[in-house]
Amino acid sequence: SWQSYSSNIENAFTTCMDIDKNGKIIVGTNKGLLVFDGDIWVQYSKTNSDLPDNLIMSIAIDSLNNYWIGTYEGGLVKFDGNIWQIYDENNSGLSEHTVKAISIDQTDNKWIGTMSKGLAKFDNSSWELYDSENSGLTDNNINEIAIDKLGNIIIGTVSGGLSIYKPGKGRP
């Protein structure tokens, strides 16, 4: 059977979703981040939290149940349920403030796709940046990142199709 749930946030539209380790549905919208536990909606936005931008482009949940949030103008955000940690081009190795895609591999590396500066890999301490000039990426505008069961990083780009990086087989 079908069930419908409305957050009752006016003019909000869903941009992305994930499910955390506790079964909560994490919803990215144009009005911030929504967390739904099956009964109650909690909204986080620029006005009631340290979320730097309300337009959420991507969400991924790591092995520790941290939310990794890609925003349109606020960079990458890590939210552990209490603390908002912001990564952008001014305080990290992230090359741009528009994060369109995030995927997390089996060793908890974050693979981050940007709008025009390619791909970033973040291992919680250091950053590696890949673009169409220093790697096999076909385009620097990344829409989606998926990781298959073998650990291959599959990158979907706006105009260049797919690029696939096979870890252990050289530089991405």
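A few points on the structure. (Residues numbered from 1 in each chain as written. Predicted model: local features only at pLDDT ≥ 70, side-chain atom pairs only at ≥ 80, totals over all residues. Heavy atoms only, no water.)

Within the largest apolar cluster, 13 residues are counted, with the highest numbers of intra-cluster contacts made by I26, L33, I56, I59, Y67, I69 and W84. Sorting the residues of this core by element identifies β3 (32-36), β5 (56-61), β6 (67-71) and β7 (76-79) as the ones contributing at least two each. For this core, the leading source of residues is β5, giving three residues. In this structure, Y87, I102, I104 and I112 belong to the second largest nonpolar core, which totals 11 residues. (Core = buried A, V, L, I, M, F, W, Y, C linked by side-chain atoms within 4.5 Å. Buried < 20%, exposed > 50% of the residue type's maximum accessible area, 1.4 Å probe, protein only. Helix = DSSP H or I, 4+ residues; strand = E, 2+ residues; numbered from the N terminus.)

Let us now look at the sheet that holds strand β15 (residues 162-165). Judged by pairing direction, the sheet is antiparallel, and its three strands sit side by side in the order β13-β14-β15 without closing on themselves. If you trace the sheet from one side to the other, it starts and ends with β13 (142-147) and β15, each paired once. Between one strand axis and the next, the sheet turns through 20° on average, direction left out of account. Of the pairings in the sheet, the one linking strand β14 (residues 153-157) to β15 comprises four bridges and is antiparallel in character. The residue bridging I153 from the neighbouring strand is Y165, located in β15. (Pairing = 2+ DSSP bridges. Axes fitted to C-alpha atoms, helices over the stretch in contact; angles between N-to-C directions.)

All right, on to the packing of aromatic side chains then. Applying the stated criterion to the full structure yields 13 aromatic pairs. Ring centres 5.0 Å apart and planes at 50° place the aromatic pair Y5 and F36 in the tilted group. Taken together, the residues Y5 in the segment before β1 (14-19) and F36 in strand β3 connect sequence positions 31 residues apart. A relative accessible area of 5% places F36 in the buried class. Taking 3.8 Å as the distance between ring centres and 15° as the angle between the ring planes, the aromatic pair formed by F79 and W84 counts as stacked. As far as burial versus exposure is concerned, F79 and W84 are alike and both buried. An aromatic cluster of at least three residues, connected via ring pairs, comprises Y44, Y67, F79 and W84. (Phe/Tyr/Trp six-rings, centres within 6.5 Å; stacked < 30°, edge-to-face > 60°.)

Most of β6 is tucked away, with five of its five residues classed as buried. Here β6 shows two buried faces, one formed by Y67, I69 and T71 and the other by W68 and G70. As judged from the five bridges shared by β5 and β6, these two strands associate in the antiparallel manner. The residue bridging A60 from the neighbouring strand is W68, located in β6. Here β5 folds back onto β6, and the loop between the two strands holds five residues, one of which, N65, carries a positive phi near 70°. As defined by bridge partners, β6 adjoins β7 across four bridges and the pair is classed as antiparallel. Bridge pairing in β7 links W68 to K78. With antiparallel pairing between neighbouring strands as the criterion, β6 and β7 make up a hairpin whose turn holds four residues, including G75 at a positive phi of roughly 80°.

In this section: a nonpolar patch on the surface. Judged by side-chain polarity, M17, I19 and I25 come together as a nonpolar surface patch covering roughly 290 Å² of accessible area. Inspection of the secondary structure assignment puts I25 in strand β2 (residues 25-29). For I25, a relative accessible area of 31% translates into the label partly exposed. (Patch = residues over 30% accessible without salt bridge, like charges linked within 9 Å, V, L, I, M, F, W, Y side chains within 5 Å. Areas by Shrake-Rupley, 256 points an atom, 1.4 Å probe, with all protein chains shown as cover. Salt bridge = Lys/Arg side-chain N within 4 Å of Asp/Glu carboxyl O.)

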